[in-house]
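Observations on the model geometry
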Amino acid sequence: MEVLTVNDLWVKYYTISGIVSAVSGVSFKLRKSEMLAIVGESGSGKSTLGLALLNMVPKPGRIERGEVILDGVNILKSSPREIMKIRGSRISMVFQDPFTTLDPLRKIVDQFEEFLIEHGVDKTRARSIIKEYLEAVGLPERVMYSYPHQLSGGQKQRVSIAMAIALNPQVVVADEPTTALDVIVQKQIMDLVDSIKEKYKSSIVLITHDLALALERADTVMVMYGGNIMEYAGKTELYGNMKHPYTRGLFEALPRILQKTLPKSLPGNPPDLRYPPPGCVFHPRCEFAMEKCKSEKPPLIEVSKDHIVACHLYG
Amino acid sequence: MSTIVELLDVVMDFETSSLGRKQKVRAVDRVSLRINKGEIYGLVGESGSGKSTLGRVSLRLYKPVKGKVIFENKDITYLPERVIRPLRREMQLIPQDPYGAINPAQTIGEALIEPLQVHFNTSKEEAFNRACRALEEVGLIPPEDFMDRRPMELSGGQLQRAVIARAMILRPKYIVADEPTSNLDASIRTSVIKLLLDFREKYDQSILFITHDIALLSLIANRIGVMYLAQLVEEGSVEQVIKEPLHPYTKALLSAIPLISSQIGLEKVYLKGEIGDPANPPRGCRLHPRCPLVLEECKSREPPLIEVGNGRSVKCWLYYK
Amino acid sequence: MGLLRYTAIRALMIIPTVLILYTLVFIVLRVLPGNPVLAALGTKNIPEEQLQALMRELGLDKPLYVQYFDYLVNFIKGDMGKSMIIRGRPIASDIVDKLPATLELSIWSIIFSLIIGVGLGYLGARARSDRVKAIIRLTGSIVFVIFIPALGLSLQLLFSKYLGLLPTGGRLSTTGYFKPITGIYTLDALLRLDIPVFIDALKHIVLPALTLGLVISGPYMRLTLNNMEEIMESKMIEAYRARGVRDSKILRHAFRHVLVPVTTYTGLQFSLLMGGAVLTETTFNWPGIGTYLVDKVMYRDYTAIQAVIIIFAIIVGLTSLIVDILYALIDPRVRY
Amino acid sequence: MMRAQSIFTILKNKYISTGLIIVLVFVFMAILADIISLYSPVDPAGPPLQPPSRDYFMGTDNLGRDVFSRIVYGSRIMLMIVAIAVAMSGAIGTMLGLISGYLGGLLDRVLSFIMDSIYAFPSLILAISLSVALGASPINAAIAIAVVYVPTYFRMVRGQVLSIKNETYIEMAKALGLPSIRIVLKHILPHVTRTLMVVFSMNSADAILTEAALSFMGLTVQPPTPDWGFDLYKGRGFILLGYWWIMLFPGLSIPLLAVGFALISEGVSTLITARKR
């Protein structure tokens with residue numbers, strides 16, 4: 001059963017130096033208690049896509065076209081009032097940097113309580129929710145009465161996660177939730193996300209630049225490049241049967257421990273999305289590029305069940 | 001084997017003042033390290049472990065509070081900057097963020113020519129030609145295209161190559177590479193590392209490679225040192241440390257690598273909590289509040305760095321006999 | 001307990017600041033060449049013995065370092081010396097007389113400038129059009145460089161001469177029947193529940209305080225607008241939005257963040273305000289320390305000038321102390 | 001080529017061009033005072049207290065002197081004092097700020113404390129007492145104003161130096177073995193100049209107001225020398241009698257010139273923020 005359906009989503013930024021096509025025609029479906037990892041490097045449009053899922057693309061950006069259907073409702077068509085109600089309660093977000101996303105001037109309990117009350121929870125119930133969910137993310141109760149600066153990075157991120165799941169939303173979007181943290185804490189936080197998925201049956205969109213993390217944790221992996229989907233498949237299918245040259249390139253760039261050879265690297269640079277290359281966006285860096293790739297944008301092809309690739313090699 | 005850089009019992013303090021209150025932070029606490037000629041020494045640790053500070057002490061960019069810095073058998077700990085300056089062309093730093101590394105008001109060409117003029121008094125024309133060759137050497141081709149550009153006009157990968165070109169133009173013998181690829185996208189990281197390795201091969205350099213990525217170190221380093229809260233907690237050859245880590249912290253680091261950790265048959269160690277406040281380190285062993293293998297004495301007494309043979313040492317009571 | 005300790009330490013920090021200014025003024029007024037007595041008398045035709053007698057009376061015959069410490073010791077005892085012009089008049093009593101008027105003007109001006117400056121800055125930040133923002137930013141810089149006497153006199157011309165609504169100067173229409181408590185008349189009138197006097201005092205303070213307040217409001221406009229804009233674009237606000245918090249509440253939280261720089265800046269504002277007060281008081285015949293200073297400047301009354309400067313230094317020090325405490329109360333990140 | 005283009009973008013900024021026009025008008029007025037003014041600024045030109053008319057288009061004052069001529073000549077004193085004061089405080093403040101910020105240590109602490117103390121004190125009051133002590137004359141007024149504004153430059157430059165010192169490229173410059181003098185002059189100072197331009201023009205506006213205030217109290221020139229501030233002071237007694245023109249024109253000139261500099265400062269700062277983005 002799908003909780004979230006995205007159809008043909010287009011997002012552009014109208015900057016002074018040109019129009020940037022950040023997301024170009026992305027579609028996907030998210031099932032209940034599924035973890036979808038959206039993998040991409042900087043400039044792949046993954047973060048913009050994450051914000052678009054909550055209909056909150058920032059200013060010079062605009063959602064041009066497409067649908068984001070959450071539980072049967074297209075939230076891109078919802079009124080500002082409705083969207084406010086949906087955000088935080090039915091779809092919520094965990095941001096990359098826990099150091100900048102909590103209000104430093106207010107105690108955790110005040111921020112948490114305000115958010116719950118905004119969504120119609122009464123005060124006594126709010127208190128018990130706060131206690132319950134702080135415990136669920138492994139924080140002691142006294143954290144409630146702390147200011148953000150009194151907490152460590154990992155603790156802050158736990159608070160953000162507690163807020164994101166407190167109203168039991170269908171979808172939690174986590175944008176690089178561990179990138180700002182150290183390796184060991186990264187693991188702790190990802191373990192927490194896993195356990196939450198199990199316990200609350202939430203669906204999670206994990207946005208990350210780390211293919212290894214995606215392959216380890218997610219159920220489904222979507223690889224993006226230059227605003228486009230390159231490949232989209234279940235984890236095991238993808239791990240055993242990588243198709244797209246870009247996905248393979250990313251995978252081969254991962255260091256294998258103790259092998260005396262260096263991982264491979266992709267030649268070239270990410271595209272300038274003000275002037276995206278014609279045809280396949282990846283063709284200037286692709287070692288298998290054909291004439292066709294330079295002029296014709298490859299369609300999404302289903303190579304096997306639930307495994308989609310955008311590449312002329314499989315056309 | 002001869003040494004290029006040796007650090008003896010180095011202590012480094014910083015005074016931080018946050019909103020009016022001053023406190024002393026010990027960033028490096030009694031660390032000794034030896035880097036052999038032609039070797040890549042990998043220094044690994046989390047942020048706040050003091051690894052970057054240690055790297056800068058080894059370049060004498062910081063003057064240690066205690067201990068000694070010996071570069072090519074010469075004690076440079078207390079030399080005035082004026083005397084160290086000519087030595088600086090033998091030792092170079094490659095920083096993490098390429099966008100901060102070159103003065104944004106300079107062109108790439110100016111940035112490359114400047115050190116040549118200062119150190120060798122090279123003529124303008126000669127310096128220009130050598131800068132072009134240096135850019136070619138790092139794969140920025142054609143160099144004329146890059147000489148007049150400013151840092152902001154290059155991609156991260158290109159700029160990091162330019163930064164490397166500038167460091168290498170002086171033909172240094174010793175390089176401190178401080179997370180040189182962690183700000184770059186995964187797909188281009190390897191090419192930058194490859195570049196560093198090629199230079200080392202060609203000019204017989206020694207590298208102190210600082211990173212939080214132990215998997216990467218396992219591919220390139222000869223020896224590894226692991227730092228935790230200002231102290232060196234384990235040291236040894238790369239095969240030994242990765243295949244048979246001794247310190248619980250090293251084990252935890254290896255257990256935390258996504259995907260790969262499940263592929264190496266290791267005993268998994270998970271730590272609680274986070275790296276402590278460097279201004280207020282725990283008593284006894286600094287890892288003890290997080291360590292699952294904690295013993296009674298870990299809580300009160302700091303373990304010594306124990307030699308366990310084969311050039312390996314570990315700072316943990318578990319190995320004390 | 002922490003806050004008390006912090007306050008005490010911070011209060012002690014005022015002392016070196018005042019000492020530095022005292023030393024500077026002492027050097028400028030005493031050590032530089034020129035005989036202050038002659039300057040004060042405005043003539044050189046005075047018999048030598050009489051000059052010596054005068055110098056002795058004022059303590060100017062002693063070595064400089066003795067003068068320096070004597071004055072300091074006396075000042076701590078509350079003796080600010082005697083006027084060089086009106087012989088034998090203690091300066092301390094003059095200052096006690098004039099200080100409340102200046103405080104009253106300052107307090108009202110700060111209130112006006114906060115309302116105008118922070119208010120317009122906030123409205124500007126909420127405005128959608130970039131043009132409105134640019135206009136408010138520009139207003140902020142232009143208002144700040146208005147020459148106070150010019151503005152004051154224009155306001156007098158309009159409200160007093162042509163409209164006849166407000167008085168041109170003084171603090172009260174008649175002072176005879178009103179006994180002040182603190183010397184801050186608007187406050188005193190309220191304390192005595194004397195509404196007619198309150199209104200009268202208010203009428204007198206409006207123009208001077210508005211003049212000074214308007215000029216000082218400029219930096220507040222820019223500060224509020226710029227900080228508000230920056231905060232509204234921050235990750236923190238994005239996170240609030242993602243949690244579905246209403247815009248009106250988000251604005252309130254953002255505004256609290258703006259209060260932090262506004263509070264810190266008020267310390268500096270106060271010193272600008274004190275300088276402005278001198279001109280405002282002169283323009284409106286407001287009997288405060290500023291008018292007193294100008295008066296003494298005209299007659300080159302060195303002892304009085306020196307005392308006034310030290311008083312100003314203490315006021316500035318105290319304000320920055322209050323500002324620091326407020327700052328610590330607003331921002332929990334400040335450890336004290 | 002590059003340079004010509006950047007001058008063009010600077011002039012295209014509306015704030016800067018408007019501000020420059022205002023300032024230049026006054027500068028030309030000061031230079032060409034002998035040609036522009038129709039009467040002597042110090043001798044009676046006609047009957048006293050004449051309202052503006054074709055002959056005296058800013059009217060005459062209580063002594064029958066032409067107000068316009070006094071405004072024109074008054075700009076000389078004003079611009080001269082402000083130019084000297086700003087140049088002196090700018091040079092001294094920048095130099096001390098660079099040294100103090102780069103070297104740090106005890107010297108930095110002592111200098112900063114002194115500068116902060118002066119900075120926190122009301123500048124006008126300090127300028128007044130300095131002028132009194134030095135004696136009323138244009139050059140002394142300039143010195144008094146200069147002293148008062150040294151901390152403004154010092155603090156700004158020092159703050160910038162401290163933040164630039166933390167940039168990686170300064171550490172890299174050290175690691176490359178560049179001499180300190182070169183680092184300060186080539187890698188730090190150029191980054192300070194832009195902000196310095198903003199402070200410089202804003203400070204000129206401030207200095208104008210301080211000069212006006214000093215002359216308002218008779219601390220710059222001796223009568224009958226024409227001077228905006230002092231003329232305003234004398235004119236203020238006549239305003240309630242209805243002779244508004246004696247006060248109005250000096251009263252307008254002072255803020256107008258200050259606004260000119262404030263506009264330049266505003267323009268430069270918008271250009272800087274635009275470039276940062």
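Residues numbered from 1 in each chain as written. Chains lettered and ligands numbered in written order. Predicted model: local features only at pLDDT ≥ 70, side-chain atom pairs only at ≥ 80, totals over all residues. Heavy atoms only, no water.

1. Remarks on the environment of C:Asn226
What counts, and what does not: Segments assigned H or I by DSSP are reported as helices when at least four residues long, segments assigned E as strands when at least two residues long, and all are numbered from the N terminus. The definition of a polar contact used here is a pair of N or O atoms within 3.5 Å, where within protein one atom must be able to donate a hydrogen and the other to accept one, and adjacent residues in sequence count solely through side-chain atom pairs.
Note on placement: C:Asn226 falls in helix H10 (residues 195–232). Looking at C:Asn226, its side chain comes within polar contact range of the side chain of C:Arg137, at 2.8 Å.

2. Observations concerning the pairing of strand S1 (residues 2–15) of chain A
Residues and elements named next belong to chain A. Convention followed: A pair of strands is labelled paired if DSSP reports no fewer than 2 bridges between them.
Inspection of the sheet shows S1 paired to strand S2 (residues 18–31) by eleven bridges, in the antiparallel sense. The residue of S2 that forms the bridge with Trp10 is Ser24. In textbook terms, the turn of a hairpin is the stretch between consecutive antiparallel strands, and for S1 and S2 this stretch comprises two residues. As paired strands, S1 and strand S4 (residues 61–70) are joined by eight bridges and run antiparallel to one another. Paired with Val6 across the two strands is Val68, which belongs to S4.

3. Quick look at the environment of C:Lys203
All names here are of chain C. Counted only if it meets this: Buried means the residue's accessible area, taken with a 1.4 Å probe over protein chains only, is under 20% of the maximum for its type, while exposed means over 50%, and partly exposed covers the values in between. In what follows, residue pairs with any heavy atoms lying within 4.5 Å of each other are defined as contacts.
Looking at where Lys203 falls in the secondary structure, it is placed in helix H10. According to the relative accessible area criterion, Lys203 is partly exposed, its value standing at 39%. In the structure, Lys203 is positioned 32 residues away from Arg171 in sequence and 8.7 Å away in space, judged by C-alpha atoms. If we ignore the near neighbours within four places in the chain, the residues touching Lys203 are Leu165, Leu166 and Pro167.

4. What about the pairing of strand S6 (residues 91–94) of chain B?
Residue and element names in this part refer to chain B. In S6, alternate side chains face the same way, and those of Met91 and Leu93 on one face and Gln92 and Ile94 on the other are all buried. Pairing of S6 with strand S7 (residues 174–178), which is carried by four bridges, proceeds in the parallel orientation. Note that in S7 the partner of Met91 across the bridge is Tyr174.

5. Some words on the interface of chain C and chain A
To keep it simple, the criterion reads: Two parts placed together each lose some accessible area under a 1.4 Å probe, and adding up what both lose gives the buried area. A pairing counts as a salt bridge when a side-chain nitrogen of Lys or Arg comes within 4 Å of a carboxyl oxygen of Asp or Glu.
With 21 residues of chain C in contact, the opposing surface of chain A contributes 24 residues. Across the interface of chain C and chain A, roughly 2200 Å² is buried in total on both sides, 58% from carbon and sulfur atoms. On the chain C side of the contact with chain A, C:Ala242, C:Arg243 and C:Pro332 bury the most area, a combined 29% of that side's loss. Along the contact surface separating chain C from chain A lie two salt bridges. A:Glu118 is the salt-bridge partner of C:Arg246, the closest N and O atoms lying 2.5 Å from each other. Inspection of the chain C/chain A interface yields twelve residue pairs in polar contact (both at pLDDT 80 or more). The greatest single-element share of the side of chain C that touches chain A, amounting to seven residues, is contributed by helix H11 (residues 235–242) of chain C.

6. Remarks on the packing of aromatic side chains
All names here are of chain C. Stated precisely, the cut-off is as follows: Aromatic pairing here means that ring centres of Phe, Tyr or Trp (its six-membered ring) are within 6.5 Å. Orientation follows from the plane angle: under 30 degrees is stacked, over 60 is edge-to-face, and everything else is tilted.
Tallied over the entire structure, the rule returns 30 aromatic pairs over all chains. Taking 5.2 Å as the distance between ring centres and 90 degrees as the angle between the ring planes, the aromatic pair formed by Phe26 and Tyr68 counts as edge-to-face. Residue Phe26 is located in helix H2 (residues 14–31), and its partner Tyr68 is located in helix H5 (residues 64–76); the two are separated by 42 residues in the primary sequence. In terms of burial, Phe26 and Tyr68 fall into one category: buried. On the basis of an interplanar angle of 80 degrees and a centroid distance of 5.0 Å, the ring pair of Tyr68 and Phe69 is categorised as edge-to-face.

7. Focus on the pattern of salt bridges
Enumeration according to the criterion identifies 54 salt bridges over all chains in this entry. Ionic contacts of the salt-bridge type, sharing partners, join the residues A:Lys187, A:Asp191, A:Asp194, A:Glu216 and A:Arg217 into one network.

8. Re the interface of chain D and chain C
This is how it is decided: When residue character is reported, Ala, Val, Leu, Ile, Met, Phe, Trp, Tyr, Cys and Pro are called nonpolar, Asp, Glu, Lys and Arg charged, and the others, Gly included, polar.
The interface is formed by 45 residues belonging to chain D together with 45 residues belonging to chain C. Counting the contacts that link chain D with chain C gives one salt bridge. Across the pair C:Arg222 and D:Glu266 runs a salt bridge, and its minimum N-O distance is 2.4 Å. Across the chain D-chain C interface, the total number found is three residue pairs in polar contact (both at pLDDT 80 or more). Going through the elements one at a time, helix H5 (105–120), helix H6 (123–134), helix H9 (180–216), helix H10 (228–239) and helix H11 (244–276) of chain D are the ones with two or more residues in the side of chain D that touches chain C. For the side of chain D that touches chain C, the class distribution of residues is 37 nonpolar, five polar and three charged.

9. Concerning the side chain of C:Asp331
Along the chain, C:Asp331 falls in the segment after helix H14 (302–330). When near neighbours in sequence (up to four residues on either side) are disregarded, C:Asp331 contacts A:Leu105 and C:Val260.

10. Considerations on the environment of B:Glu81
Residues and elements named next belong to chain B. Along the chain, Glu81 falls in helix H2 (residues 81–84). Separated by 54 residues in sequence, Glu81 and Leu135 have C-alpha atoms that sit 29 Å apart. At a separation of 3.1 Å, a polar atom in the side chain of Glu81 contacts the side chain of Arg88.

11. Notes on the nonpolar core
If you look at soluble globular proteins, the nonpolar side chains tend to sit buried side by side. Using the following cut-off: Only buried residues count toward a nonpolar core, which is a set of Ala, Val, Leu, Ile, Met, Phe, Trp, Tyr and Cys residues joined through side-chain atoms within 4.5 Å. The domain boundaries here were taken from an automatic or database domain assignment.
One finds B:Tyr174, B:Phe209, C:Phe147 and D:Ile128 to be the most contacted residues of the largest nonpolar core, which totals 271 residues. Considering every element that reaches this core, the biggest residue donor is H9(D), with 16 residues. Inspection of this core shows a minimum of three residues originating in each of domain 1 (2–76) and domain 2 (100–287) of chain C. In this structure, D:Ile128 is in contact with C:Val278, C:Leu293, C:Val297, D:Leu214, D:Met217 and D:Leu219, ignoring residues within four places of it in sequence.

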